[in-house]
Amino acid sequence: MKVPFVGRVPLAVPVLATAAAPPAVPATEPAPAKVLVRRRGNKLERWEIALIKAMMADGRWPNDQDILAYFTRPTRSVNHRAIAEIRKNSKHAGVKPSTADELETFLAAWPEVDVETGLSLQGDELLIKAREAMISAVHTFNGAGLTFRAELFIVTAVIAWTYLLHAWFKREGIDYRHTRMEKGEKVVIKTPNGADKYWELAQCLKHARSPVERGTADNLFFLLDLRHEIEHRSTNRVDDAVSAKLQACCINFNNEIKSQFGAQYALERRLPIALQFVTFSPDQRALLKKAGGLPRHVETMMEGFEQMLTPEQQEDPRFAYRVFMIHKTANRAPGADLAVELVPAGSEVADKINMALKEVEKRKYLPAEVVAKVRAEGWTQFTMDSHTRLWKRLAAKDPAKGYGAIAVGKQWCWYEPWINRVLEECNEHPERYRAPAPVAPA
């Protein structure tokens, strides 16, 4: 059964075309520039603190700013105050300094960065792994001679998305480890080998602060359900039946990594387009589909999943990316070199092939509407004053956080993710926002 979605609510973008496309990250237009502010996750890790203490003891770096230069990178900005706190022993007193050999090993390898992206191989390991896993998934699908390409793609793409969301949670300062309460204390659950146990992809998507929008989440929940069928029962080839979902998964990943971390980490330059040696006529396509029928258990899973979605969710290109591919005869030489052409929405050609994409703005809520929706959920002590105090404390009107925007009339309006964040706050502090139960008369 599909788990309920509690993350972000997206734009409704219906796609009316029905042809499928193979997974490849296309050269889409760059995402709008997004200002990334300093977040709670921008803090030094324990191994870095140990090295900083060793550098201070060594004496070659008497200036805190010189030490800071070794530990600041594009994905994480650390304030020089953090170095001063270590020097004064006002924080991290329990961390032991690295040995002289460990310090020299660090200096000899510094800067240890990924050549293509400039990411730190150690500090940005999760983001690097996420990119490499998705690149591997697409290369595997597009590779010649493989029979079970879709299955291999799904397993690897799930790993890529898991690492990407772990990187986001880490940057936001959200603990993404499994925990349980023991004797009134929160304890981190360990794997059989003694390592911390981290959230799987479904748990990441269900978190109230997840940055993933609904259409993208629906796509990933579908692939997770399909992966479950793949892991427990053998399947015939499912490439043709799910290619639209796989293509959406690629584009969603690329958009997410650009939106959350920066356009410099996009994949379209590495994986611009998939070239093919064949074309399919309708008769050929019908014969292929007949020869490669879906296993009944996979077909049942797919039908059951899509029946739980609204028509708008099923048509969202973030759930399944569908386009028409038509033969084009160019009138001019330059046009003959263009293999793919995007037809302007609303044009005569777009109307004829039923392929116009109509984008609907996000639903906006006035402050009073936010308060009313929260109170309707049972948080009757949540008032307009509570709302004002909360958004000021969280600096929620920072455009980079994506909680809202200035609407018509220069009035600030809130998006659905902000309502989710408010409900999260209420759940964390029920004593503030829920009226006490009436006491029965003696």
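Our structure is the block above this text.
Just so we're clear, the structure is a prediction, and the values are computed from it rather than from any experiment. (Residues numbered from 1 in each chain as written. Predicted model: local features only at pLDDT ≥ 70, side-chain atom pairs only at ≥ 80, totals over all residues. Heavy atoms only, no water.)

Remarks on the overall build of the protein
What counts is decided by this rule: A run of DSSP states H or I qualifies as a helix once it reaches four residues; a run of E qualifies as a strand once it reaches two. Both are numbered from the N-terminal end. Buried means the residue's accessible area, taken with a 1.4 Å probe over protein chains only, is under 20% of the maximum for its type, while exposed means over 50%, and partly exposed covers the values in between. The criterion used for residue contact is that any of the two residues' heavy atoms lie within 4.5 Å. Surface exposure here means Shrake-Rupley accessible area, sampled with a 1.4 Å probe, where a residue is shielded only by the protein chains that are shown.
Along the protein, the regular secondary structure elements total 18 helices and four strands. Expressed as a percentage of the 442 residues in the protein, the buried residues total 43%. Put simply, of all contacts in the protein between residues at least 6 apart along the chain, 72% involve residues at least 24 apart. Within the structure as shown, the protein displays about 25,400 Å² of accessible surface, and the carbon and sulfur contribution to it stands at 55%.

Observations concerning the pairing of strand 1 (residues 179–182)
Applicable threshold: The pairing criterion is simple: DSSP has to find at least two bridges between the two strands.
Note that strand 1 and strand 2 (residues 185–188) share four bridges and pair antiparallel. Note that in strand 2 the partner of Glu182 across the bridge is Glu185. Hairpin connection, strand 1 to strand 2: the antiparallel pair is bridged by two residues, and Lys183 has positive phi, about 55°.

As for the pattern of salt bridges
Stated precisely, the cut-off is as follows: Definition used for salt bridges: Asp or Glu carboxyl oxygen within 4 Å of a side-chain nitrogen of Lys or Arg.
This model, assessed by the stated rule, comprises 17 salt bridges. For Arg209, the salt bridge goes to Glu172, with nearest N and O atoms at 3.9 Å. Of this pair, Arg209 sits in the loop between helix 7 (201–206) and helix 8 (214–232) while Glu172 is found in helix 6 (residues 149–172), placing the two residues 37 residues apart along the sequence. Each member of the pair, Arg209 together with Glu172, is buried. The partner of Arg180 in a salt bridge is Glu182, with the nearest N and O atoms 2.6 Å apart. Using a relative accessible area of 42% as the deciding quantity, one classes Arg180 as partly exposed.

Examining the environment of Glu172
Overall, the relative accessible area of 10% leaves Glu172 in the buried class. When the C-alpha atoms of Glu172 and Arg209 are compared, they prove to be 9.6 Å apart, with 37 residues separating the residues in sequence.

Considerations on helix 15 (residues 367–376)
Defined as follows: An arc is given here, and it is the one of the directions from the helix axis to the C-beta atoms.
What helix 15 keeps buried is the set Val370, Val371 and Val374. Looking straight down helix 15, one finds its buried side chains confined to an arc of 95°; they lie on one side. Against helix 16 (384–393), strand 4 (412–414) and helix 17 (416–428) lie the buried residues of helix 15. Positioned one or two residues after helix 15, Gly378 has a phi angle of 105°, which is positive.

Topic: the nonpolar core
Definition in use: Residues enter a nonpolar core if they are buried and are Ala, Val, Leu, Ile, Met, Phe, Trp, Tyr or Cys, with the set joined through side-chain atoms within 4.5 Å.
Among the nonpolar cores identified, the biggest contains 50 residues, and Met134, Phe153, Trp161 and Phe253 are the most heavily contacted of them. Of all the elements in the fold, those that place two or more residues in this core are helix 5 (125–142), helix 6, helix 7, helix 8 and helix 9 (239–261). No other element matches the twelve residues that helix 6 contributes to this core.

Quick notes on the side chain of Lys53
This is how it is decided: Charge assignment: positive for Lys and Arg, negative for Asp and Glu; neither His nor the chain ends contribute.
As for its placement among the helices and strands, Lys53 is situated in helix 1 (residues 46–58). The side chain of Lys53 sits in the buried core without any salt bridge; Glu85 is the nearest counter-charge, 12 Å away. In this view, Lys53 contacts Ile86, Asn89, His92, Ala93, Val95 and Pro97; residues no more than four positions away in its chain are not counted.

So, helix 5
Here is the rule we go by: Multiply 1.5 Å by the residue count of a helix minus one, and that product is the helix's expected span.
Counted at 1.5 Å a residue, the expected span for helix 5 with its 18 residues is 26 Å, and the 26 Å between its end C-alpha atoms agrees. Inspection of helix 5 places Leu126, Leu127, Ile128, Ala130, Arg131, Ala133, Met134, Ile135, Ala137, Val138 and Phe141 among the buried residues, and these make up the whole buried set.

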